[in-house]
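Residue-level structure breakdown
Residue-level listing of the chains:
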Amino acid sequence: MIVRRCSQGHRVRIHKNTTPGATRTKTYADGSTETLTYPSSYDYFVDVDGSVAKKTNSFKTAEEYYVAECAKKHGDGHGRLIVGGHHIINGVATLQADYPTDANTKSEIKDFYDKRGVAYGGSETKTELLSRIVPQYRALKEVSKHLKV
């Protein structure tokens, strides 16, 4: 099970080892496949570019390794998760400051969604895209317990 994914779209992930020894193969719409073999022991492992790079029983150790690998790829990661400071969107740590606003272009908003695995319609306007996550576009005062106006 993927616990955390890179916020910049790189293939760096922390997995909870829920099925030790299993081999998972995923086939994409373009016909490409990726295979990942879970370690036979250990509670967590870090997958970098499709191969297991770190195995550990400590989430802290896995997360520290993950942060170091993300820094190698893009250098501006979020670091370790801060409860109450980060929101998790499909396994991606997201700060409130990362959310798109009116100042962002439609392409930047789509990129934000793509990196977090959020589906959207190809013909949606900028306002419709923003309405998925920005409460004032839905006339709400609260979207969730984490996102407030």
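Right, let's walk through the structure included here. In this text the structure is predicted, and so the values were computed from the model without any measurement.

Criteria and cut-off values
Residues numbered from 1 in each chain as written. Predicted model: local features only at pLDDT ≥ 70, side-chain atom pairs only at ≥ 80, totals over all residues. Heavy atoms only, no water. Helix = DSSP H or I, 4+ residues; strand = E, 2+ residues; numbered from the N terminus. Contact = heavy atoms within 4.5 Å. Buried < 20%, exposed > 50% of the residue type's maximum accessible area, 1.4 Å probe, protein only. Pairing = 2+ DSSP bridges. Core = buried A, V, L, I, M, F, W, Y, C linked by side-chain atoms within 4.5 Å. Expected span 1.5 Å × (residues − 1). Arc of directions from axis to C-beta. Polar contact = N/O pair within 3.5 Å; in protein donor to acceptor, adjacent residues only side chain to side chain.

The helix and strand inventory of the chain stands at three helices and eight strands. In the chain, the order of α-helices and β-strands from amino to carboxyl end is β-β-β-β-β-β-α-β-β-α-α. Excluding contacts between residues fewer than 6 apart, the proportion of contacts in the chain whose partners are at least 24 apart in sequence is 37%.

This brings us to the pairing of strand E5 (residues 44-48). Most of E5 is tucked away: five of the five residues are buried. Neither face of E5 is left uncovered, since the one carrying Tyr 44, Val 46 and Val 48 and the one carrying Phe 45 and Asp 47 both have all their residues buried. Relative to strand E6 (residues 51-56), E5 is paired through five bridges, and the arrangement is antiparallel. Its bridge partner lying in E6, Asp 47 is registered against Val 52. Between the end of E5 and the start of E6, which pair antiparallel, lie two residues, with Asp 49 showing a positive phi angle near 55°.

This brings us to the nonpolar core. Listed in full, the nine residues of the largest apolar core are Cys 6, Val 12, Ile 14, Tyr 44, Val 46, Val 48, Ala 62, Tyr 66 and Cys 70. At the level of elements, strand E2 (12-16), E5 and helix H1 (59-73) are the ones that each hand at least two residues to this core. Not counting residues up to four positions away in its chain, the partners in contact with Val 46 are Val 12, Arg 13, Ile 14, Ser 51, Val 52, Ala 53, Lys 54, Ala 62, Tyr 65 and Tyr 66.

On to H1, then. Working note: α-helix, 3.6 residues per turn, so residues spaced by three or four point in the same direction. Between its terminal C-alpha atoms H1 stretches 21 Å, which fits the 21 Å expected from 15 residues at 1.5 Å a residue. Turning to H1, its buried residues are Ala 62, Glu 63, Tyr 66, Glu 69 and Cys 70. The buried residues of H1 all sit within an arc of 125° when viewed along its axis, so they share a single face. Contacts from the buried residues of H1 go to strand E1 (2-5), E2, E5 and E6. For H1, the capping residue at the N-terminal end is Ser 58, with a side-chain oxygen 3.3 Å from the backbone nitrogen of Lys 60.

Turning next to the pairing of strand E7 (residues 86-89). The sheet contact formed by E7 and strand E8 (residues 92-95) spans four bridges and is antiparallel. In the sheet register, Ile 89 faces E8, and the bridge partner there is Val 92. The antiparallel hairpin formed by E7 and E8 contains two residues in its connecting segment, where Asn 90 sits at a positive phi of about 50°.

Moving on to unusual backbone geometry. Positive phi is not limited to glycine here, since Tyr 42 has a value of about 80°. Inspection of the secondary structure assignment puts Tyr 42 in the loop between strand E4 (33-37) and E5. For Tyr 42, a relative accessible area of 38% corresponds to the partly exposed category.

Turning next to the environment of Asp 43. Within the secondary structure layout, Asp 43 lies in the loop between E4 and E5. Along the backbone, Asp 43 and Ser 58 are 15 residues apart, and their C-alpha atoms lie at a distance of 7.3 Å. Contacts of Asp 43, omitting those with residues within four sequence positions, involve His 15, Lys 16, Asn 17, Thr 56 and Asn 57.

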